[in-house]
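# Overview (structure and organization)
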Amino acid sequence: MRLSRYFLPVLKEAPADAQIVSHQLMLRAGMIKQNGAGIYSWLPLGMRVLHKIEKIVREEQERAGAVELLMPTIQSADLWKESGRYEAYGKEMLRIIDRHDREMLYGPTNEEMITDIFRTYVKSYKQLPLNLYHIQWKFRDEVRPRFGVMRGREFLMKDAYSFDSSVGAAKQSYYRMFCAYLNTFTRMGLKAVPMRADTGPIGGDLSHEFIVLADTGESAVFCDSALVDMPAPGADLNFWQDLLPEVEKRTMLYAATEEMHDQARFEAEVPAERRLSARGIEVGHIFYFGTKYSAPMKAEVATSEGKNMPVEMGSYGIGVSRLLGAIIEASHDEKGVIWPSSVAPFEAAVLNLRADDADVTKVCERAYEQLQKAGVDTLYDDTSERPGAKFSTMELIGVPEMIVVGPKGVKAGVVEYRTRKTGASEEMTLESAINRCLAGRRG
Ligand code: 5CA
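What you see is a predicted model, and the numbers here were worked out from it, not measured in a lab.

Calculation notes
Residues numbered from 1 in each chain as written. Predicted model: local features only at pLDDT ≥ 70, side-chain atom pairs only at ≥ 80, totals over all residues. Heavy atoms only, no water. Helix = DSSP H or I, 4+ residues; strand = E, 2+ residues; numbered from the N terminus. Expected span 1.5 Å × (residues − 1). Phe/Tyr/Trp six-rings, centres within 6.5 Å; stacked < 30°, edge-to-face > 60°. Lys NZ or Arg CZ within 6 Å of the ring centre and 35° of its normal. Polar contact = N/O pair within 3.5 Å; in protein donor to acceptor, adjacent residues only side chain to side chain. Contact = heavy atoms within 4.5 Å. Domains from an automatic or database assignment. Buried area = accessible area lost by both parts, 1.4 Å probe. Salt bridge = Lys/Arg side-chain N within 4 Å of Asp/Glu carboxyl O. Near = heavy atom within 4 Å. Buried < 20%, exposed > 50% of the residue type's maximum accessible area, 1.4 Å probe, protein only. Pairing = 2+ DSSP bridges. Axes fitted to C-alpha atoms, helices over the stretch in contact; angles between N-to-C directions.

An ideal rise of 1.5 Å per residue puts 30 Å on 21 residues; helix H6 (residues 167–187) measures up with 31 Å between its terminal C-alpha atoms. A positive phi of about 80° marks Gly189, the residue just after H6.

This is the structure in structure tokens:
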């Protein structure tokens, strides 16, 4: 992408009401624009990151056996009356009356709708296990929308729903998502710790939140630091074996959110030097709730004995739009965002320090073309801004790698290669700099 043709409205100052660094940086880097309380437009740069996060989420969902579909944002109240949640959900639900006086709502979650889809088509245990997911906008009329995309009213969620014919099988579905979540967040450069959690309005008796540790997190959390240091299961994990050992390795270590915390147990189970009390951002939440929806909504399957039973269910959410905020909270400095390559809006940048110099421009064009040919998402700053402003913008938006081309270097046959994370800069030939960008992207 040529910057001269792009739309990147960066700001010098963040609006005063942005309280946390991720919100300030997202506004300053021209990623989002607020349109109302807790409602945002995704400007081109923000949308790129959103898409990269979605892609990782999709790949890891599919690896764990989940199948994508897409349900609408607007739902009929009738389904929610069947499950008994229509009244119970309260003021967080945005209720709408259509022209025929039908009660509708903007979906805050999709347990009812997916249960309705399931009961229409699936009748036998032979069609199970099944896990269906979508990535769709949700609306929750939060009392206090704040911190930008962290607690929005309209936000993007990945929600998956599992269906099984026994409690044992349903637990394995839960464990598959548990492991998939660890892999997903690791690929985004995050350390997300699974913690026992309260189930709230979704319900059920088994639930974990995935928490990214950050000072600005909304919840207080307590855990064994060994859990933070434990690596994710990794892409080689066989999702179709018994995953209980993989899950237990983690759940045997103490970790709890404020609502579930038991100080006496914490002190008894965790050696003093490993007791971590911190703040955290909830980026994912998984639930096993058995027949809470399938029983009232009569989503039944025939068992091998020919009897009908309500299907065993779980649901699994990831805050896709919230993840942008969480990643920035975990990875930034005083100059701006430091994106991990996997989610960076652009993987590399080419900086032309003298757009009016034909030789410099020729080298830049070559660099841009070669990077693009190699499949590297590249932003080419071909504008005539001053060098200082160009560097500041690149640092603010956090492009991981940069090739800087100026007249002195071109005469000497070299360019400058810089990494955003360390700020380190080296002179080298254009070919070497391009190879470094390709290697950085793989690493
Ligand atoms: N139906 C279940 C699982 S699919 C569910 O809705 N779970 S949830 O309420 O915990 O939401 C799932 C994830 O969405 C949360 O872990 C969080 O990361 C994200 N989320 C929830 N509310 C908001 C919000 N107001 N703004 C941004 N992200 C949110």
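The next point concerns the packing of aromatic side chains. Counting across every chain of the model gives 15 aromatic pairs. Ring pairs connect the aromatic residues Phe178, Tyr181, Phe185 and Phe210, which therefore count as one cluster. Against the face of Tyr86 rests Arg95, its NZ or CZ located 4.7 Å from the ring centre. Across the ring face of Phe391, the terminal group of Arg418 is positioned such that the distance to the ring centre comes to 4.3 Å.

Tracing the backbone shows Lys52 in helix H2 (residues 44–63). Polar contacts involving the side chain of Lys52 include one to the side chain of Asp377, which spans 2.7 Å. Ignoring anything within four residues of it in the chain, the contact list for Lys52 reads Ser342, Val343, Ala344, Pro345, Glu347 and Asp377.

For the rest of this paragraph, the subject is the domain arrangement of the chain. Partitioning the chain into domains gives domain 1 (10–337) and domain 2 (348–442). The C-alpha centroid of domain 2 is placed 38 Å from the C-alpha centroid of domain 1. On the domain 2 side, the residues contacting the 12 residues of domain 1 number 7 residues. Interface area for domain 1 against domain 2, summed over the two sides, is near 780 Å², with a carbon-plus-sulfur share of 54%. Among the residues of domain 1 in contact with domain 2, Val10, Lys335 and Val337 are the three that bury the most area, contributing 50% of the side total. In this structure, the connection of domain 1 to domain 2 is made through 3 salt bridges.

Inspection of the region around the ligand gives 22 residues, with Thr109, Glu111, Arg140, Glu142 and Glu282 positioned closest. Between the ligand and Met150 there is a distance of 3.4 Å, counted from a nitrogen atom to a backbone nitrogen or oxygen. In the model, an oxygen atom of the ligand is placed 3.4 Å from a nitrogen or oxygen of the Val283 main chain. Counting only elements with at least two residues in the shell around the ligand, the list comes to strand S8 (154–164), strand S13 (275–290) and strand S16 (312–319).

Counting buried positions along strand S11 (residues 219–224) yields 6 of 6 residues, so the element is predominantly enclosed. Looking at chain direction, S11 and S13 are connected through 6 bridges and run antiparallel. Paired with Phe222 across the strands is Ser277, a residue of S13. The sheet contact formed by S11 and strand S12 (residues 255–257) spans 3 bridges and is antiparallel. Each bridged residue has a counterpart across the sheet, and for Val221 the counterpart in S12 is Thr257.

Looking now at the sheet that holds strand S21 (residues 401–405). Strand order across the open sheet formed by 5 strands is S20-S19-S21-S22-S23, with mixed pairing between neighbours. The open sheet terminates on both sides in strands that have one partner only, identified here as strand S20 (378–381) and strand S23 (425–428). Adjacent strand axes in the sheet meet at a mean angle of 20° when their direction is disregarded. The pairing of S21 with strand S22 (residues 415–419) spans 4 bridges and is antiparallel. Across the sheet, Val404 pairs through a bridge with Glu416, a residue of S22. Sheet strands touched by helix H11 (residues 358–373): strand S19 (348–352), S20, S21 and S22. Its angle to S19, the strand with the most contacts, is close to 170°. Strands S19, S20, S21 and S22 of the sheet are contacted by helix H12 (residues 387–397), whose axis makes an angle of about 170° with S19.

Under the counting rule described, the total for this entry stands at 31 salt bridges. Between Glu60 and Arg187 there is a salt bridge whose closest N-O contact spans 2.7 Å. Taken together, the residues span a long stretch of sequence, with Glu60 in helix H2 and Arg187 in helix H6 at a distance of 127 residues. A salt bridge links Arg85 to Glu111; its shortest N-O distance comes to 3.0 Å. Of the two residues, Arg85 is situated in helix H4 (residues 85–88) and Glu111 in helix H5 (residues 111–121); the sequence distance between them amounts to 26 residues. For the pair Arg85 and Glu111, a shared accessibility class is recorded, and that class is buried.

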